[in-house]
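Each chain, written out:
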Amino acid sequence: MLAKMFGGGAGGFDPQEIAKAAGLPSDPAAMAMMMQQVQAMFSAPSEGPVNWQMAHEQARRVAASDNDPSVTSLQRRSVDEALKLAELWLDPVTEFPSTGQLGRAWSRAEWVEATMATWRRLTEPVATSIAKALSDAITGQLPDEMKSMMGMMGGPASMLQNVGGAMFGMQLGQAVGALSKDVVGSTDIGVPLADGRMALLPANVAAFGAGLDIPEQEVQLFLAVREAAHARLFTHIPWLTGHLLGSIERYARGIHIDMGKIEEAARDIDPTNPESLQGALSQGVFMPEKTPEQDAALVRLETTLALVEGWVDEMTAAAAANLPSAGALREMLRRRRATGGPAEHAFASLVGLELRPRRLREAAALWSLLTEERGIEGRDALWQHPDLLPTAEDLDDPAGFAGRRRLLDSSDADVDAALQRLLSGGFEEADGDAAAEADGEATHPTGSDDSGADRTPDSGSDDSAPDGRSDSGSDDTGSDDGTPGDPRS
């Protein structure tokens, strides 16, 4: 290619030496493959700023890179039986009934297929911002001559936006593909990634139990109880899925990209070198900056995730109490969820969001205490509305939850009673009675009744004398002129 551009090797010009100095492969087939990748990045069409098709293909490629065997019929039957038994064990410990779902056994590639739509929903807002910022930053670093050349090919902005979208798609696919090797089910990160479906990944379950000196069947059954508990919660609490995913979406939309940081990094990036772009992404160069508002939103999101994982942790411990290794497996999963694996950290560096319940232990302790105080029905009733759920303050002080809730309930009852009285006209009726009483006192200051008869003691209008005799008769003195001898005097 260089020989054709510069007229062969005339004048001591050696294209091979220049290609070697530039780090280009000397193998024509390898060179052709690299050029095809670069061309695909510049020209790959996408529905938006992010190339989701490339993300999907990369995730499938990574998932299959380390021996992703197809699930056998025996494994499918074993997973289905484990999930059915898990449903039976959960019946006595929770108010939520069985979902009646068929248990699924997935390979890693099948997990990618089932969850990719949710990953797109979770990452699209911040991915769009990063892709656009990357495009704008690199465009500003291009020489004018190169901008002119790209202008004839459709404009630098559109071409570099394709590059940014393709690179983010590749990096997202890398993170999702790596997660497919770590997760053991469809809800392993506390979010329903597969639309509420119950599933286990037999290959990952076996890897999880390797070296634990615990029978694989026991490990699978314990993980099945967790998966079934997640499924029950998300199935019977319809608002919870939308609440979690909506919180993540709002968080992502509010993230701001530090353009100065990207412009600084763009000076060292070669737009024609996919590895330099991918390396910048993987090192978190384009990691979005969080605002104080985003930090507050993250606290609320992490509280909800902790409540979900704490409830599942407590239900699993109660349902699997008869398993000999339940305690050891529970502690292992707690540490795994609290620290996160390399794949989760890669995802966090990419989109600036860690889907980890940092306060899992506090949440589990709170649900255990609520079970003792309120019983199973009262505990699970708190999921009926987001306003009823415990808060971060309740995680700090689980023992004080009951007292704070009683105060809140009594305050709400007072407001409800006042509102009901207002709607029924009670306040107007009371105000009318008070006005009538005040008006009566103003009209009859001496205390006369409706008949107009004066009731003062010296009026002499009584029908009988104090001694019970009739007014028509005279007293012993025979006087009727109000002398002291008159009893009415």
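If you're wondering where the values come from, they're calculated on a predicted model, not measured in any experiment.

Caption draft 1: Region of the structure containing the confidence of the model for the chain. On average, residues of the chain carry a pLDDT of 74, and 57% of them reach 70 or more. Every residue in residues 446–489 scores below 50 in pLDDT, and together they form 28 contacts with partners more than four places removed in sequence or on other chains.

Caption draft 2: How the structure looks around helix H9 (residues 202–209). Turning to H9, its buried residues are Pro 202, Asn 204, Val 205, Phe 208 and Gly 209. The arc that holds the buried residues of H9, viewed along the axis, is 160°, so those residues lie on one side. Just beyond H9, the residue with positive phi is Gly 211, at close to 80°.

Caption draft 3: Molecular detail of the packing of helix H14 (residues 292–319) against helix H17 (residues 360–380). Across the interface, H14 lies against H17 with an axial gap of 8 Å and an inter-helix angle of 65°. One finds that H14 runs roughly perpendicular with respect to H17. At the point where H14 passes H17, the crossing takes the right-handed sense. Contact residues: Ala 306, Leu 307, Glu 309, Gly 310, Trp 311, Asp 313, Glu 314 and Met 315 in H14; Leu 360, Ala 363, Ala 364, Trp 367, Ser 368, Arg 379 and Asp 380 in H17. For the contact of H14 with H17, a count of residues per class yields eight nonpolar, two polar and five charged.

Caption draft 4: Representation of the environment of Thr 187 within the structure. Positionally, Thr 187 belongs in the loop between helix H8 (156–179) and strand S2 (199–200). Not counting chain neighbours up to four residues away, the residues in contact with Thr 187 comprise Pro 192, Glu 227 and His 230. Here the side chain of Thr 187 touches His 230 through a polar contact of 3.3 Å, side chain to side chain.

Caption draft 5: Structural view of unusual backbone geometry. A positive phi is found at Asn 67, a non-glycine position, where the angle reads about 60°. Given the relative accessible area of 61%, Asn 67 is considered exposed. A positive phi angle, near 60°, is found at Asp 213, a position not held by glycine. Take Asp 213: it is sitting in the loop between H9 and helix H10 (216–236).

Caption draft 6: Structural context of the packing of aromatic side chains. With the rule as written, the count across this model stands at four aromatic pairs. Relative to Trp 383, the ring of Trp 311 lies with its centre 6.5 Å away and its plane at 85°, an arrangement referred to as edge-to-face. With Trp 311 in helix H14 and Trp 383 in the loop between H17 and helix H18 (392–396), this pair connects stretches of sequence that are 72 residues apart. For Trp 311, a relative accessible area of 0% corresponds to the buried category. Residue class for Trp 383 comes out buried when judged on its relative accessible area of 0%.

Caption draft 7: Highlighting the side chain of Thr 304. Here Thr 304 is to be found in helix H14. Assessed through its relative accessible area of 10%, Thr 304 is described here as buried. Setting aside chain neighbours within four positions, we find Thr 304 in contact with Leu 240, His 243 and Leu 244.

Rules used in this analysis
Each chain carries its own residue numbering, running from 1 in the written order of its sequence. With the structure being a predicted model, the display of local features is reserved for residues of pLDDT at least 70 and the display and counting of side-chain atom pairs for 80 or more, all residues being used for whole-chain, interface and lining totals. Values shown for side chains rest on all heavy atoms present in the structure; no hydrogens or waters enter the calculation. pLDDT: the predictor's confidence for each residue, scored from 0 to 100. Contacts are assigned to residue pairs with any non-hydrogen atoms lying within 4.5 Å of each other. Residue exposure (1.4 Å probe, protein chains only): buried if accessible area is under 20% of the type maximum, exposed if over 50%, otherwise partly exposed. Here a strand is any run of E in DSSP of at least two residues, a helix any run of H or I of at least four, and the numbering for each starts at the N terminus. Our arc is simply the arc of the directions from the helix axis toward the C-beta atoms. In this analysis an axis means a line fitted to C-alpha atoms, helices contributing only their contacting stretch, and an angle means the value between N-to-C directions, from 0 to 180 degrees. Any angle that falls under 35 degrees is termed roughly parallel, while one over 145 is termed roughly antiparallel, one within 65 to 115 roughly perpendicular, and all others oblique. By the definition used in this description, the sense in which the near helix is turned from the far one sets the handedness, with an anticlockwise turn below a right angle giving left-handed and a clockwise turn giving right-handed. When residue character is reported, Ala, Val, Leu, Ile, Met, Phe, Trp, Tyr, Cys and Pro are called nonpolar, Asp, Glu, Lys and Arg charged, and the others, Gly included, polar. Distance and chemistry together define a polar contact, namely a pair of N or O atoms within 3.5 Å, with one atom able to donate a hydrogen and the other to accept it when in protein, and with adjacent residues in sequence counting only for side-chain atoms on both sides. Pairing of aromatic side chains here covers Phe, Tyr and the six-membered ring of Trp, requires ring centres within 6.5 Å, and sorts the geometry by plane angle: under 30 degrees stacked, over 60 edge-to-face, intermediate tilted.

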